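Chain by chain, the residues run as shown.
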Amino acid sequence: MPEMIAKEILSSVELGDMTAIFERSQDTGKVGFYIIPTHMKEKSRVEEKFYRVNNMIQLKIVGDIYPGSYGNGQTLHNSGSTDLIIYQSQTVEEKEHRKEIHTWFRDERGYAVENVITYYEGEESFEMKNRFINESKEPVVLEMLSSFEIENLSPFLEGDGVGNLLVHRLLSKWSHEGRLVTERVEEMQLEPSWSTWSVAVERFGQRGSMPVMKYFPFVALEDEKSHAIWGVQLAHEASWQLEIYRQDDGIHLSGGLADREFGHWMKEIKSGESFETPTAILSVCEGDIDDICHRLVSAGNKYVNDGPDCEQDLPIIFNEYCTTWGNPSHENICGILEAIQDKGFDYFVIDCGWFKEDGVPWDISMGDYNVSPTLFPEGLEKTVDAIRKKNMKPGIWFEIDNVGRASKAYELTEHLLKRDGYPLTTHNRRFWDMNDSWVKEYLHKKVIEMLQTYGFEYMKMDYNDTIGLGCDGAESLGEGLRKNAEASVDFVKQVKEEVPGIILENCASGGHRLEPLMMSLCSMASFSDAHETEEIPIIAANLHRGILPRQSQIWAVIRSNDSLKRIGYSMANTFLGRMCLSGDVTNLSKKQWDVIDRGIAFYKEIAPIIRDGKSFRRGPKILSDRHPEGYQAMIRMKKDGEAMVVIHCFNGELPEEIVVQLPEGCKTTIQSVYSYDKPEILVKEDKLVYKTTECMNAVAVHLK
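Every value quoted in this text rests on a predicted model; they were computed, and no experiment measured them.

Scoring rules and cut-offs
Residues numbered from 1 in each chain as written. Predicted model: local features only at pLDDT ≥ 70, side-chain atom pairs only at ≥ 80, totals over all residues. Heavy atoms only, no water. Disulfide = S-S within 2.5 Å. Buried < 20%, exposed > 50% of the residue type's maximum accessible area, 1.4 Å probe, protein only. Helix = DSSP H or I, 4+ residues; strand = E, 2+ residues; numbered from the N terminus. Polar contact = N/O pair within 3.5 Å; in protein donor to acceptor, adjacent residues only side chain to side chain. Contact = heavy atoms within 4.5 Å. Salt bridge = Lys/Arg side-chain N within 4 Å of Asp/Glu carboxyl O. Phe/Tyr/Trp six-rings, centres within 6.5 Å; stacked < 30°, edge-to-face > 60°. Lys NZ or Arg CZ within 6 Å of the ring centre and 35° of its normal. Pairing = 2+ DSSP bridges. Axes fitted to C-alpha atoms, helices over the stretch in contact; angles between N-to-C directions. Parallel < 35°, antiparallel > 145°, perpendicular 65-115°, else oblique. Left-handed = near helix turned anticlockwise from the far one by under 90°. Nonpolar A, V, L, I, M, F, W, Y, C, P; charged D, E, K, R; others polar. Core = buried A, V, L, I, M, F, W, Y, C linked by side-chain atoms within 4.5 Å. 1 Å grid on protein atoms, 1.4 Å probe; cavity = no way out; pocket = protein on both sides within 12 Å on 5 of 7 lines; lining within 4 Å. Points joined across faces, edges and corners; volume = space filled by probe spheres on them. Arc of directions from axis to C-beta.

Chemist: Would you mind showing me how to read the state of the cysteines here?
Modeler: What makes a disulfide is a covalent bond joining the sulfur atoms belonging to two cysteines. Within this structure, the stated rule accounts for zero disulfides. Take Cys 695: it sits in no disulfide, and the sulfur closest to it among the cysteines is that of Cys 649, at 7.4 Å. Judged by relative accessible area, which is 28%, Cys 695 ranks as partly exposed.

Here it is in structure tokens:
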């Protein structure tokens, strides 16, 4: 074993039930950072591990030395710039309802970095970010600046912890959001070499303006032996990266903006200027993947709790898209309103197509946003009034950032993003330059003033393409992308300021913007574009690990030829988040409406559990989303033990009984049951037992 490296604890700060530890290498002077559950302090085995302290500030400046140990080309972690940024001081500030740790570093060339940790009272996570300040007399160019770095994982394992460390990631693609993938570090070739000299790196992320594509901006590392688990989410609307880095017994997690190598990002900081990274949300606990994900996503509660009052009871949405398929009109909307009046809907959303010209599909004509005289011959005012008369709040769809190839806006190339001097063009879309003053004025008129004029109380913000690697207009393509995304977020903030109380739905081809920054600005989000598929409950359950269920808008699209079983299945899907209905509501039978009505009543009964509960998944792993076999059970439980259990049976062979282990402290009295039929279901001690009858069926239980 190599000779141990001497270290000293610089400081130890409690953040709720977590302890942040800052340690300094007595050899190099570098200051590293890690976190542990406070109650597990005595289990630390740091003295039995050989690991180098990595600087908690990770950056790379153009012209400085690139990483060694075969890291060059794999990572910019531990570059020469990182070696030169030296710890200076630290302060811990107690403020109203929060604690802040400010740690300062300085490079003798005149560069400073402030690391800021913010912990909000009562939360189970904290935020971290870095601010680079150029105090020199010359400009400097960054090619990497991380938002966070955690070292020494796991401090509870001696040596390299062989066979005990798991990496969890959430995969995502269109209509397949949030699939959990778990790998052992050895399977990822992240164990140290015999010499502990060469580095092993897993750098992953996303490039473009859809931040949830291929991966969610999330990673967790689990110590199976001690049951400790660490997790992080990034709050960022453009290209990002996360890195798992290892050279010795200690694993390191870091990440933030996608760097020059991964995301073509470079940023010039002029003398006297500064630059702040995106925020990272971090946590640690004794538990499993569902525990750490609950702690991370719960950080969003402070934003939605501060949102519109009407949102706090999780109202039900009707969206006409899967009824009219992009052809809304005053006439068909009035027909829908007659069918759904007094059914318990609170919001009615006019989706895409309200601007269509004759014969031109909606998905290539967005951008001009003139109300269609064919679909709405008297304008939208009469339609909005009809919605209000049915006691629903009117909503409208926009795709704010993009323009379709059939629109006049598509030809306004002086106001659109470019790459290599050419308009940045995909098959059907181009993109507004959101920093262009003309575009800001145009969108103010077309979006904000329209919301104000008609009194819309809800806006669905869609986004159906990605900018990709980046765009012109800055020091690098990646910085051009970052600045455009920042301006797009600023426009959303402007909408909230100028239309007080507006309910915002975050949509990006379904779930491609389900990251903490945009979610903090919106009441809810489209969970996916999987509107009518069998895999809806699988995706909806997946997303409990990525966003708050109270913000996850799940659709039940009801067709006139649906069986009662199918309607019950679809309605049960929505209990995993926010209920939204669409479909053939003008042509349903009384029996079909009965299943829907009972589903709406059950949803309203369990809405407080969706809002304030914690999620637990039970059942076998589902191999295929598209061809699901087996079953899943999702439990959502409040702190007082009140709970709901939603069971979905898929295809294939089912057990005669599904036995669901209830969490500790869960109530066991069945208050009510929802299904299309009358299921046999009971509680035996601490287990819920459901007698299966058919494939592709669902049942939900309220325990109180």
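Let us keep going from here.
Chemist: When you look at the side chain of Glu 535 in this model, what are you seeing that I'm missing?
Modeler: Tracing the backbone through its elements, the reader meets Glu 535 in the loop between strand 30 (524-526) and helix 11 (536-542). At a separation of 3.0 Å, a polar atom in the side chain of Glu 535 contacts the side chain of Arg 626. When neighbours within four sequence positions are excluded, Glu 535 is seen to be in contact with Ser 175, His 176, Asp 625 and Arg 626.

Chemist: How do you make sense of the pattern of salt bridges when you look at a structure like this?
Modeler: Opposite charge on two side chains lets them pair, provided their charged atoms get close. Considering all chains together, one arrives at 51 salt bridges under this definition. Among the ionic pairs, Arg 295 bridges to Glu 124, the shortest N-O distance being 3.7 Å. With Arg 295 in helix 3 (residues 289-297) and Glu 124 in the loop between strand 7 (111-120) and strand 8 (126-134), the pair connects residues that are 171 residues apart, well separated along the chain. According to the relative accessible area criterion, Arg 295 is buried, its value standing at 6%. Measuring nitrogen to oxygen at the nearest pair gives 3.5 Å for the salt bridge that ties Lys 638 to Glu 642. The class for Glu 642 is buried, based on a relative accessible area of 11%.

Chemist: Can you help me understand the packing of aromatic side chains in this one?
Modeler: The geometry of two aromatic rings is summed up by the distance between their centres and the angle between their planes. Scanning all chains against the criterion turns up 28 aromatic pairs. Aromatic side chains Trp 354 and Phe 355 sit 5.3 Å apart centroid to centroid with 85° between the ring planes, which places their arrangement in the edge-to-face category. Side by side, Trp 354 and Phe 355 carry an identical accessibility label, which is buried. Consider the rings of Tyr 454 and Phe 456, whose centres lie 6.0 Å apart with planes at 55°: the pair is tilted. You can call Phe 456 buried: its relative accessible area is 2%. Within the aromatic cluster, the residues linked to one another by ring pairs are Tyr 321, Trp 325, Trp 354, Phe 355, Trp 362, Tyr 369, Trp 397 and Phe 398. The ring of Tyr 51 carries Lys 7 above its face, with NZ or CZ at 3.9 Å from the centroid. Positioned over the ring face of Tyr 463 is Arg 513, at 3.8 Å from the centre of the ring.

Chemist: For this particular structure, what's the right way to read the sheet that holds strand 21 (residues 317-319)?
Modeler: Within a sheet, neighbouring strands are paired by backbone hydrogen bonds and run either parallel or antiparallel to one another. Spatially, 21-22-23-28-29-30-31-32 is the arrangement adopted by the eight strands of the closed barrel, whose pairing is parallel. Across this sheet, the average inter-strand angle for adjacent strands is 30°, counted without regard to direction. Looking at chain direction, strand 31 (residues 552-558) and strand 32 (residues 578-583) are connected through six bridges and run parallel. Its bridge partner being in strand 32, Val 557 is matched across the sheet by Ser 582. Across the sheet, helix 13 (residues 590-612) touches strand 31 and strand 32, and the angle it forms with strand 32 is around 160°.

Chemist: Sorry if this is basic, but what is going on with the packing of helix 8 (residues 437-454) against helix 9 (residues 477-498) here?
Modeler: Packed helix pairs are specified by the crossing angle of their axes together with the interaxial distance, meaning the distance between the axes. Two numbers describe how helix 8 lies on helix 9: the axes approach to 10 Å, and their chain directions differ by 30°. As far as their axial angle goes, helix 9 and helix 8 are roughly parallel. Handedness of the crossing formed by helix 8 with helix 9: right-handed. Listed contacts from helix 9 to Leu 443, His 444, Val 447, Ile 448, Leu 451 and Gln 452 of helix 8 are Phe 491, Gln 494, Val 495 and Glu 498. Here the residues of the contact of helix 8 with helix 9 sort into six nonpolar, three polar and one charged.

Chemist: Got a minute to help me understand the nonpolar core in this structure?
Modeler: Membership of the largest hydrophobic core comes to 123 residues, with the highest contact counts inside it found for Phe 348, Trp 354, Met 571 and Phe 575. At 10 residues, helix 13 tops the list of elements feeding residues into this core. The contact partners of Trp 354, leaving out residues within four places of it in the chain, are Pro 328, Tyr 369, Asn 370, Val 371, Ser 372, Phe 376, Leu 380, Ile 396, Trp 397, Phe 398 and Met 450.

Chemist: Would you mind going over the sheet that holds strand 38 (residues 681-684) with me for this structure?
Modeler: Ordered by their spatial adjacency, three strands build an open sheet running 36-39-38, and the pairing between neighbours is antiparallel. A single partner strand is all that each edge strand has here, and the edge strands are strand 36 (657-661) and strand 38. The sheet shows a mean angle of 25° between the axes of neighbouring strands, taken without regard to direction.

Chemist: Please clarify how the pairing of strand 3 (residues 31-37) should be interpreted in this entry.
Modeler: One face of the sheet, then the other: side chains in a regular strand alternate in exactly this way. Across the seven residues that make up strand 3, a large majority, seven, are buried. Residues Val 31, Phe 33, Ile 35 and Pro 37 line one face of strand 3 and the alternating positions Gly 32, Tyr 34 and Ile 36 line the opposite face, and both faces are buried. Sheet topology places strand 2 (residues 18-25) next to strand 3; seven bridges connect them, and they run antiparallel. From the neighbouring strand, Phe 22 faces strand 3, where its bridge partner is Phe 33. The hairpin formed by strand 2 and strand 3 contains five residues between the paired strands, and Gly 29 there has a positive phi angle of roughly 80°.

Chemist: Any chance you could explain the environment of Asp 433 here in plain terms?
Modeler: Following the sequence through the fold, Asp 433 ends up in the loop between strand 27 (429-431) and helix 8. Distance from Asp 433 to Val 384, taken between C-alpha atoms, is 31 Å for residues 49 residues apart in sequence. For Asp 433, the residues in contact, after removing those within four places along its chain, are His 415, Leu 416, Leu 417, Val 439 and Asn 484. A distance of 3.0 Å separates a polar side-chain atom of Asp 433 from the backbone nitrogen of Asn 435.

Chemist: Can you walk me through the layout of surface pockets in this structure?
Modeler: Over the atoms, a rolled probe matching the size of one water molecule traces out where space is still vacant. For the largest pocket, the calculated volume is near 830 Å³. Put simply, the parts of the chain that give the lining of the largest pocket at least two residues each are strand 7, strand 8, strand 15 (228-235), strand 19 (274-276), strand 20 (279-286), helix 3, helix 9 and helix 10 (516-521). Of all the elements, helix 9 adds the most residues to the lining of the largest pocket, at six residues. Taken together, the residues of the lining of the largest pocket sort by class into 22 nonpolar, nine polar and nine charged. Here the second largest pocket defines a volume of roughly 580 Å³. Together, 25 residues line the second largest pocket, and Glu 124, His 294, Ser 298, Asp 612 and Lys 639 are the ones closest to its centre. Residue assignment for the lining of the second largest pocket shows that the elements contributing at least two residues are helix 3, helix 13, strand 33 (614-618) and strand 34 (631-637). Broken down by element, the lining of the second largest pocket gets its largest block of residues, three residues, from helix 3. Taken together, the residues that form the lining of the second largest pocket break down as seven nonpolar, seven polar and 11 charged.

Chemist: Can you help me understand helix 6 (residues 330-340) in this one?
Modeler: The α-helix winds at 3.6 residues per turn, so residues separated by three or four positions along the chain end up facing the same way. Regarding helix 6, the residues found buried are His 330, Ile 333, Ile 336, Leu 337 and Ile 340. Here the buried residues of helix 6 occupy an arc of 125° about the axis, which is enough to place them on one side. Of the surrounding elements, those touching the buried residues of helix 6 are strand 21, helix 5 (321-324), strand 22 (347-350), helix 7 (381-389) and helix 13. One or two residues past the end of helix 6 sits Asp 342, with phi positive at roughly 65°.

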